[in-house]
Amino acid sequence: MKSESNPKKKGQKKFKCRNTNVILWRYFTFFAVGIIFVVAVVCYSVLGNSFMSQQIRRVKEIGGELTEVVDDDNIPELVKMSKINEYALYDSVTVFIISERGVILYPHMFAAPEKLGNLTEEVNSYMPEWDRGAVTEYTTGEGNGKTFNYVSCVKYDNLNAKLLVRYPISPLADSVRQTQLYVILISLGIIVAAFLISYSLAEKLSRPIRDLSQKVGKLAEGDFAVEFNSAEYTEVAKLSDTLNYMRDEIKKSDDFQKELLANVTHDLKTPLTMIKAYASMIQEISGDNPEKRNKHLGVIIDEADRLTGLVNDILITSKIRSGLGQLNKKVLNLTEFLYGIIAKFSYLQEAQGYNIMVDVDPNMYTLADEEKIGQVIYNLISNAVNYTGEDKTIYISLKYSAEDNRIKFAVRDTGKGIDEEEKKHIWERYYRSKDSHTRPVKGTGLGLNIVKIILDAHSFNFGVTSEEGKGSTFYVDFPAVSSIPDELEEKPE
């Protein structure tokens, strides 16, 4: 269902929902574009400034080295020319040596003599006086004719001369601009690729979440067959496991509700029918016959008691489940407490011929919730009454074990016993033995489940041992404590 179809509670805070896929895609795109932009700006700047500066610095180094070579009279002419030609070949520089009077000393021949006058005037304008070792730098020309010039004063063939090293900047600038264009185009291409990749990645990351959302919707509609099996990412896999566990628990709860409704309906229907039938019989047949009337009233009372027991067990189960975290533990004289509960079954001995055999150690103390443990002991004895054999004998014991400082409580019947398969289910809600029973204390199927809930909350060890044909023994281990709580013993008189 769409969230818009759900009614909004008055005063409920509204939250603006955003698509996970869009958010992830947006963040990935912004991140990628940001990185590419920074890299592109840095590359553009390096190409535009640093590379150009590096080349000019190299021209200055060449100029300095050639100045030393040309100015040294001890170096042969051929060596000087070789050095100049080497730089001209590998570093794309042009070298001139011009006398103080404006005569071109190197190169000895020049292809365009008409330009020599302009070149001489240019050099003299930037360095009008000869001063050995002096250096000047300047840039001439515009556009494609832009050139960087390095001029130094030297001695050449015992003549005052000026060394001119020229480097064309325009081709380098064109190459830089072209490279910068490539950087921009590549950056744009990478941005588009990042855009598509981020969308694909966002789609991949959000797909498991969308799948889980769709399956949760099916679960909400009551489809318990849905399986959360996404394990592509660790977090999503853990969420899938949690949802599978939640599904199983919800299914158990749903099954329990259905089972509860079916059992309660069945258990209520029979006594209500009996009560109505016998009430009608009293009204129409036995109203004036005291003997029959009392018999019919007895049936009505028994069925009403059965209804009361069922309702009480359901209420107890609900109460215990809602208040398990609120155990009211206190030091309890388990011996006296047990005798008090056994006394409630004395009417069975008097009226029905039951034998309750008791073997109890005196003054056994434990720490537990008195009300809830009372329910445990009562239910275990009631269960033994329902399932004991034809001899109607029940054995109850409460013995101290010094070995582990525990109090061993046990209730044994002499019935048919419980097979291994049935032992797995006797603690479940509304489970009843496959063997029918017609004892005075009627079972509702909740007694042993109540026992399990309470003892699990106390963390007490409990269980059942049974042998078919020889009866069953239900047992509980209580912790043995002092008759006075420790906190009271430490207080001064």
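Residues numbered from 1 in each chain as written. Predicted model: local features only at pLDDT ≥ 70, side-chain atom pairs only at ≥ 80, totals over all residues. Heavy atoms only, no water.

(A) Here's a closer look at the overall build of the chain. Scanning the chain from N- to C-terminus turns up twelve helices and twelve strands. Taking all 493 residues of the chain together, 36% fall into the buried category. If you take every contact in the chain between residues at least 6 apart in sequence, the share linking residues at least 24 apart comes to 66%. Accessible area of the chain: about 30,300 Å², with a carbon and sulfur share of 55%. (Helix = DSSP H or I, 4+ residues; strand = E, 2+ residues; numbered from the N terminus. Buried < 20%, exposed > 50% of the residue type's maximum accessible area, 1.4 Å probe, protein only. Contact = heavy atoms within 4.5 Å. Areas by Shrake-Rupley, 256 points an atom, 1.4 Å probe, with all protein chains shown as cover.)

(B) The sheet that holds strand β4 (residues 147-156), seen in detail. Taken in spatial order, the five strands line up as β2-β1-β5-β4-β3 in an open sheet, and their pairing is antiparallel. Each edge of the sheet is formed by a strand with only one pairing partner; in this case those strands are β2 (104-106) and β3 (135-140). Strand-to-strand twist across the sheet, computed as the mean angle between neighbouring axes with direction ignored, equals 30 degrees. Strand contacts of helix α2 (residues 77-91): β1 (94-99), β2, β4 and β5 (159-168), with the helix running at about 85 degrees to β2, the strand carrying the most contacts. (Pairing = 2+ DSSP bridges. Axes fitted to C-alpha atoms, helices over the stretch in contact; angles between N-to-C directions.)

(C) Structural view of the packing of helix α7 (residues 334-343) against helix α9 (residues 370-387). Running from N to C, α7 and α9 point in directions that differ by 50 degrees, and their axes come no closer than 10 Å. Classified by the interaxial angle, the pair formed by α7 and α9 is oblique. For the element pair α7 and α9, the recorded crossing hand is right-handed. Of the residues in α9, those in contact with Leu334, Phe337, Leu338, Ile341 and Ile342 of α7 are Glu370, Ile373, Gly374, Ile377, Tyr378 and Ile381. Tallied by class, residues from the contact of α7 with α9 come to nine nonpolar, one polar and one charged. (Parallel < 35°, antiparallel > 145°, perpendicular 65-115°, else oblique. Left-handed = near helix turned anticlockwise from the far one by under 90°. Nonpolar A, V, L, I, M, F, W, Y, C, P; charged D, E, K, R; others polar.)

(D) Quick look at the environment of Leu297. Considering the arrangement of structural elements, one finds Leu297 in helix α6 (residues 290-322). Overall, Leu297 belongs to the partly exposed group, its relative accessible area being 35%. Sequence-wise, Leu297 and Tyr278 are 19 residues apart; in three dimensions their C-alpha atoms are separated by 7.4 Å.

(E) Representation of helix α11 (residues 447-458). The end-to-end C-alpha separation of α11 is 17 Å, in line with the 16 Å expected for twelve residues at 1.5 Å each. Those residues of α11 that fall on the buried side of the exposure criterion are Leu448, Asn449, Ile450, Val451, Ile453, Ile454, Leu455 and His458. Of the residues one or two after α11, Ser459 is the one with positive phi, at around 60 degrees. (Expected span 1.5 Å × (residues − 1).)

(F) Representation of the packing of aromatic side chains. Counted under the stated rule, the structure contains five aromatic pairs. With centroids separated by 5.1 Å and ring planes inclined at 80 degrees, the aromatic side chains of Trp427 and Phe462 adopt a geometry described as edge-to-face. Here Phe462 lies in strand β11 (residues 461-466) and Trp427 lies in the loop between α10 (420-423) and α11, a separation of 35 residues in the sequence. You can call Trp427 buried: its relative accessible area is 14%. Under the relative-accessibility criterion, Phe462 is labelled buried at 17%. Site record: aromatic cluster; members linked through ring pairs are Trp427, Phe462 and Phe474. Lying over the aromatic face of Tyr395, Arg412 brings its terminal NZ or CZ to 4.0 Å of the ring centre. (Phe/Tyr/Trp six-rings, centres within 6.5 Å; stacked < 30°, edge-to-face > 60°. Lys NZ or Arg CZ within 6 Å of the ring centre and 35° of its normal.)

(G) Quick look at the nonpolar core. Ranked by size, the top nonpolar core spans 42 residues in total, and within it Ile373, Ile377, Leu380, Ile381 and Phe409 carry the most contacts. Within the residue set of this core, elements represented by two or more residues are α7, β7 (355-360), α9, β9 (393-401), β10 (406-412), α11, β11 and β12 (472-479). For this core, the element with the most residues is α9, which contributes seven residues. Discounting residues that sit within four places of it in the chain, Leu380 has contacts with Phe409, Val411, Leu448, Val451, Phe474 and Val476. Core analysis: the second largest hydrophobic core is formed by 22 residues, Ile62, Leu66, Val93 and Leu105 among them. (Core = buried A, V, L, I, M, F, W, Y, C linked by side-chain atoms within 4.5 Å.)

(H) Here's a closer look at a nonpolar patch on the surface. Where nonpolar side chains cluster on the molecular surface, the patch consists of Leu181, Tyr182, Ile184, Leu185, Ile186, Leu188 and Ile190 and spans about 660 Å² of accessible area. Tracing the backbone shows Leu181 in helix α4 (residues 169-220). Given the relative accessible area of 45%, Leu181 is considered partly exposed. (Patch = residues over 30% accessible without salt bridge, like charges linked within 9 Å, V, L, I, M, F, W, Y side chains within 5 Å. Salt bridge = Lys/Arg side-chain N within 4 Å of Asp/Glu carboxyl O.)

(I) Representation of the sheet that holds β10. Taken in spatial order, the five strands make up an open sheet running β7-β9-β10-β12-β11, and their pairing is mixed. Two strands lie at the open edges of the sheet, namely β7 and β11, each paired on one side alone. In this sheet, neighbouring strand axes are inclined to one another by 15 degrees on average, regardless of whether the strands run parallel or antiparallel. Pairing geometry for β7 and β9, over six bridges, is parallel. Along β9, the bridge assignment pairs Asn355 with Thr393. Packing against the sheet, α7 makes contact with β7, β9, β10 and β12, and its axis sits at approximately 175 degrees to β7.

(J) Inspection of the pairing of β9 at higher detail. Relative to β10, β9 runs antiparallel, the two being bridged by seven bridges. Looking across to β10, one finds that Ile396 is bridged to Val411.

(K) Expanded view of the pairing of β11. Here six bridges tie β11 to β12, and the two strands are oriented antiparallel to one another. Looking at β12, one finds that Ser466 is bridged to Ser472. What sits between the antiparallel neighbours β11 and β12 is a turn of five residues, in which Gly469 has the positive phi angle 90 degrees.

(L) The environment of Leu398, seen in detail. With respect to the helices and strands, Leu398 occurs in strand β9. Owing to a relative accessible area of 1%, Leu398 belongs among the buried residues under this scheme.

(M) Structural view of the packing of α9 against α11. In contact at an axis separation of 9 Å, α9 and α11 are set at 145 degrees when each is read in the N-to-C sense. In this structure, α9 meets α11 at a crossing whose hand is left-handed. Touching Lys372, Ile373, Gln375, Val376, Asn379, Leu380 and Asn383 of α9 are Gly447, Leu448, Ile450, Val451, Ile454, Leu455 and His458, all from α11. Partitioned by chemical class, the residues of the contact of α9 with α11 number eight nonpolar, five polar and one charged.

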